[in-house]
Amino acid sequence: MYNHKNRYNNDRDIEIFVRLPQGGNSLHESIKDIMPYESRNNIFKDKYYKLKSDDVCKTITSHMKFDCNMYIHPTQARGLSPREAARIQTFPDDFIFYGPQNSWYKQIGNAVPVKLAQIIGEEVIKYL
């Protein structure tokens, strides 16, 4: 599987990933004692967010090139891999992202979801 390589996370972040329940964010009580941005909670309330397995994913953005803390896997202590983010953006599994790993996240986050682009294109063609 192409581009299915997770980035490195430090021990503190992994502990946060383990403690957060699905749907939990930076303000959740379970991580209050290890939250590194406590004095800036008003700015970083979504610095960490654990996705919910039974809900729609948050919008994928190119911020993932910096870290995946806003996109914590719902059942594993890690952020989403580029391939998982690409699936959310409806890229087919055989689509390969090139360049450094951080650029994969940027490409995925900057993309219009493939199926959305297809639907828009089909509608535009009807009027040409």
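Structural data are supplied above this passage.
Residues numbered from 1 in each chain as written. Predicted model: local features only at pLDDT ≥ 70, side-chain atom pairs only at ≥ 80, totals over all residues. Heavy atoms only, no water.

Q: Can you lay out the overall build of the protein chain for me, pointing to particular residues and giving the numbers?
A: A count of helices and strands for the protein chain gives four helices and zero strands. Taking the principal axes of the C-alpha coordinates as reference, the protein chain spans close to 60 × 30 × 25 Å. Out of the 128 residues in the protein chain, the part that is buried amounts to 34%. For the protein chain, the exposed surface amounts to about 7800 Å²; the carbon and sulfur share of it is 55%. Here the protein chain contributes 18 positively and 15 negatively charged side chains, and the mean placements of these two sets differ by 4 Å. (Helix = DSSP H or I, 4+ residues; strand = E, 2+ residues; numbered from the N terminus. Buried < 20%, exposed > 50% of the residue type's maximum accessible area, 1.4 Å probe, protein only. Areas by Shrake-Rupley, 256 points an atom, 1.4 Å probe, with all protein chains shown as cover. Lys, Arg positive; Asp, Glu negative; His and termini not counted. Charge placed at Lys NZ, Arg CZ, Asp CG, Glu CD.)

Q: Describe the nonpolar core, naming the residues involved and giving the relevant values.
A: One recurring pattern in soluble globular proteins is that nonpolar side chains are buried together. Of all hydrophobic cores here, the largest spans 15 residues; its most connected members are Ile 60, Met 64, Tyr 71, Leu 80, Phe 97 and Ile 108. Taken together, the elements giving at least two residues each to this core come down to helix 2 (82-88) and helix 3 (101-110). Of the residues forming this core, the biggest block, three residues, is contributed by helix 3. When residues no more than four places from it in sequence are discounted, the contact partners of Leu 80 are Asn 6, Leu 51, Ile 60, Met 64, Cys 68, Tyr 71, His 73, Ile 88 and Tyr 105. (Core = buried A, V, L, I, M, F, W, Y, C linked by side-chain atoms within 4.5 Å. Contact = heavy atoms within 4.5 Å.)

Q: Outline a nonpolar patch on the surface, supporting the account with residue identities and numerical values.
A: Taken together, the side chains of Val 112, Leu 116, Ile 120, Val 124, Ile 125 and Leu 128 present a nonpolar region at the surface, about 620 Å² in accessible area. Note on Leu 116: relative accessible area 42%, which makes it partly exposed. (Patch = residues over 30% accessible without salt bridge, like charges linked within 9 Å, V, L, I, M, F, W, Y side chains within 5 Å. Salt bridge = Lys/Arg side-chain N within 4 Å of Asp/Glu carboxyl O.)

Q: I'd like a description of the pattern of salt bridges, backed by residues and values.
A: Tallying each qualifying case throughout the model produces seven salt bridges. A salt bridge links Asp 93 to Arg 87; the shortest N-O distance between them is 2.6 Å. For Arg 87, a relative accessible area of 45% gives the class partly exposed. The partner of Glu 123 in a salt bridge is Lys 126, and the shortest N-O contact between them spans 2.8 Å. With Glu 123 and Lys 126 both in helix 4 (residues 114-126) and three residues apart, the pair spans about one turn of that helix. Glu 123 gets classed as partly exposed once you look at its relative accessible area, which sits at 34%. Each of Glu 15, Arg 19 and Asp 33 takes part in a single network of salt bridges with overlapping partners.

Q: Describe the environment of Cys 57, listing the residues and the values that go with them.
A: Among the secondary structure elements, Cys 57 is positioned in the loop between helix 1 (11-19) and helix 2. Owing to a relative accessible area of 24%, Cys 57 belongs among the partly exposed residues under this scheme. Taking C-alpha positions, Cys 57 is 8.5 Å from Tyr 71, a pair spaced 14 residues apart along the chain. Residues in contact with Cys 57, not counting those within four places in the same chain, are Leu 51 and Ile 88.

Q: Please set out the environment of Lys 115 residue by residue, giving values where relevant.
A: With respect to the element layout, Lys 115 can be found in helix 4. With 25 residues separating them in the primary sequence, Lys 115 and Thr 90 have C-alpha atoms 6.1 Å apart.

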